[in-house]
Amino acid sequence: MSLFPEEQLDSPLGYFPAQTGQTLKDGTWTITRKLGWGPRSSTWLVVDKNDQHRALKILTAAATADPNAKNERDFLLGLGKDFPSGVPELLETFEEKDERGRKHLCLLFRLLGTSVEHLRQGNVYDGQNLPVHIVQKVIGDISDRLANLAAQNIIHGAVTPDNFLFFSVQRGDDVRKALAKVPADKPVKIQGSDGVSYPTVKSQPIPTHYTWESKADDIAYTIISLANFAHARQTTATTLDTPKNIQPPEALTGGKIDLKSDVWTLGCTTYLLLVGKPLFDESYVASPIKVAEETLSKLENLLTESGNVAEKDLAPTAKFLRTCLAVKTANRATALEVLNGGWIQSGCACGWCG
């Protein structure tokens, strides 16, 4: 078991051992806070001399050396430049070397806020689910992102709530005001298995005022972005960067992974957000078609038993889930059909953001 509370800094993957106050790109950017981490990177809040605050995603040494390391950069700088709101804005890229001389690709983004998964986990004493109106808003915005990607034949490959990010303030004064509500934790030194002492820092994303109890007319005034294009592919893919119990049957049976594979994952994610637990357990991985058909046949009962979906919402919610979770891809909805299907709500209510 790892001694590290988050990314394993002594791992052969080679995480960048960043710490607050550290400068990067020849002193251009200064690290002020840790925003998050994942299996291929860690993300940090950085500021320059002009008080511009940005999010810097630093890939592990292993991810940087991977032939697909520049995948996310290429999609967001190239194909992504014409996308509307809702896709992270990649501003620049550069490389840094750690103390061992290993290279790390760095991606500089405009700031985004906390994740929808963070919002869901905030409901820790009441089932870790979200109300129907919040799920409709979240899935509506993400469906819009997927429809835009599908129009350019792009499979996202990681449609999970930890990659659904809220809008964030951008101006220096606004960022500092938001961070003052949740002061950064102090780094803690931990000795790794390699005998090296590492500064460990807790992830603390930029907070928003939204909670799992936010009302419909409040949550309507935000935009949810779809982040993490590290596993994006055009037209077809061979693997998906999601847990196997939310991958579509075709991904588990050697079939073709295509644009509709993202829609299946969207359906599984919708159920997770509504109910607070996955739709499928590990038995699905061994026999995906059989288990999926059996589970979907009792979908209304599962939603009722969860106690999280009102009776008036049962039929339209189950109908929506089945459009996403058709076992045969020919019968599964496209992202655009999901977007126009009527159950979800997308766009910002202000009328300006989209």
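Everything numeric in this text was worked out from a predicted model, so none of it was measured.

Colleague: Report on the sheet that holds strand β5 (residues 90-97), specifying residues and quantitative values.
Modeller: With antiparallel pairing, the six strands of this open sheet are ordered in space as β1-β2-β3-β4-β6-β5. In this open sheet, the two edge strands, each paired with only one partner strand, are β1 (23-24) and β5. Pairing geometry for β1 and strand β2 (residues 29-37), over two bridges, is antiparallel. Each residue of the ladder has a partner; that of T23, found in β2, is T30. Packed on one face of the sheet, helix α5 (residues 172-180) meets β2, β3 (41-47) and β4 (53-59) and runs near 70 degrees to β4.

Colleague: Provide a residue-level description of the sheet that holds strand β12 (residues 224-226), including the pertinent values.
Modeller: Two modes of strand pairing occur in sheets, parallel and antiparallel, and in both the strands are linked by backbone hydrogen bonds. With antiparallel pairing, three strands are arranged side by side in an open sheet as β7-β9-β12. The two strands at the open ends of the sheet, each matched to only one other strand, are β7 (112-115) and β12. Within the sheet, the average angular offset between the axes of one strand and its neighbour, ignoring direction, is 45 degrees. With two bridges connecting them, β7 and strand β9 (residues 164-167) associate as antiparallel partners. Bridging across to β9, S115 finds its partner in L165. Docked against the sheet, helix α4 (residues 132-150) engages β9 and β12, running at close to 40 degrees with respect to β12.

Colleague: Outline the packing of helix α8 (residues 259-275) against helix α12 (residues 311-324), listing residues and values.
Modeller: Following both chains from N to C, one finds α8 and α12 inclined at 150 degrees, their axes separated by 7 Å at the closest point. Put simply, α8 runs roughly antiparallel to α12. Two secondary-structure elements touch here, α8 through V263, W264, G267, T270, Y271 and L274 and α12 through T317, F320, L321 and C324. Considering only residue class, the contact of α8 with α12 consists of seven nonpolar, three polar and no charged.

Colleague: Report on unusual backbone geometry, specifying residues and quantitative values.
Modeller: Unlike most non-glycine residues, D26 shows phi in positive territory, near 55 degrees. Positive phi, close to 60 degrees, is recorded for N153, a residue that is not glycine. Structurally, N153 can be placed in the loop between α4 and β8 (154-155). Classification of N153 as partly exposed rests on a relative accessible area of 39%.

Colleague: I'd love a proper account of the packing of aromatic side chains, names of residues and values included.
Modeller: Scanning all chains against the criterion turns up six aromatic pairs. Ring geometry for W264 and F280: centres 6.0 Å apart, planes at 10 degrees, overall stacked. Within this pair, whereas W264 is found in helix α8, its partner F280 is found in the loop between α8 and α9 (283-286), the two being separated by 16 residues in sequence. Across the pair, exposure class does not vary: W264 and F280 are buried alike. An angle of 15 degrees between the planes, with centres 4.4 Å apart, marks the rings of F280 and Y284 as stacked. Comparing F280 with Y284 shows no difference in burial state: the two are buried. Ring pairing ties together the aromatic residues W264, F280 and Y284, which thus form one cluster.

Colleague: How would you explain the pattern of salt bridges if you had to name every residue and give the values?
Modeller: Think of it this way: side chains of opposite charge can pair up when their charged atoms draw near. Using the criterion set out here, one finds 20 salt bridges in the structure. Across the pair K34 and E7 runs a salt bridge whose closest N-O atoms are separated by 2.4 Å. Linking K34 in strand β2 with E7 in the segment before β1, this pair joins segments that are 27 residues apart in sequence. We note that K34, like E7, is buried. Here D141 and R145 are joined by a salt bridge, their closest N and O atoms 3.7 Å apart. Within this pair, D141 and its partner R145 are both found in helix α4, separated by four residues, close to a single helical turn. A network of salt bridges, in which partner residues are shared, links D51, R171, D173, D174 and R176.

Colleague: Explain α12 to me, and be specific about the residues and the numbers.
Modeller: Here α12 spans 21 Å end to end across 14 residues, near enough to the 20 Å set by a 1.5 Å rise per residue. If you check which residues of α12 are buried, you get D313, L314, T317, A318, F320, L321 and C324. Buried residues along α12 sit against α4, α8, α11 (299-306) and α13 (335-339).

Scoring rules and cut-offs
- Residues numbered from 1 in each chain as written.
- Predicted model: local features only at pLDDT ≥ 70, side-chain atom pairs only at ≥ 80, totals over all residues.
- Heavy atoms only, no water.
- Pairing = 2+ DSSP bridges.
- Helix = DSSP H or I, 4+ residues; strand = E, 2+ residues; numbered from the N terminus.
- Contact = heavy atoms within 4.5 Å.
- Axes fitted to C-alpha atoms, helices over the stretch in contact; angles between N-to-C directions.
- Parallel < 35°, antiparallel > 145°, perpendicular 65-115°, else oblique.
- Nonpolar A, V, L, I, M, F, W, Y, C, P; charged D, E, K, R; others polar.
- Buried < 20%, exposed > 50% of the residue type's maximum accessible area, 1.4 Å probe, protein only.
- Phe/Tyr/Trp six-rings, centres within 6.5 Å; stacked < 30°, edge-to-face > 60°.
- Salt bridge = Lys/Arg side-chain N within 4 Å of Asp/Glu carboxyl O.
- Expected span 1.5 Å × (residues − 1).

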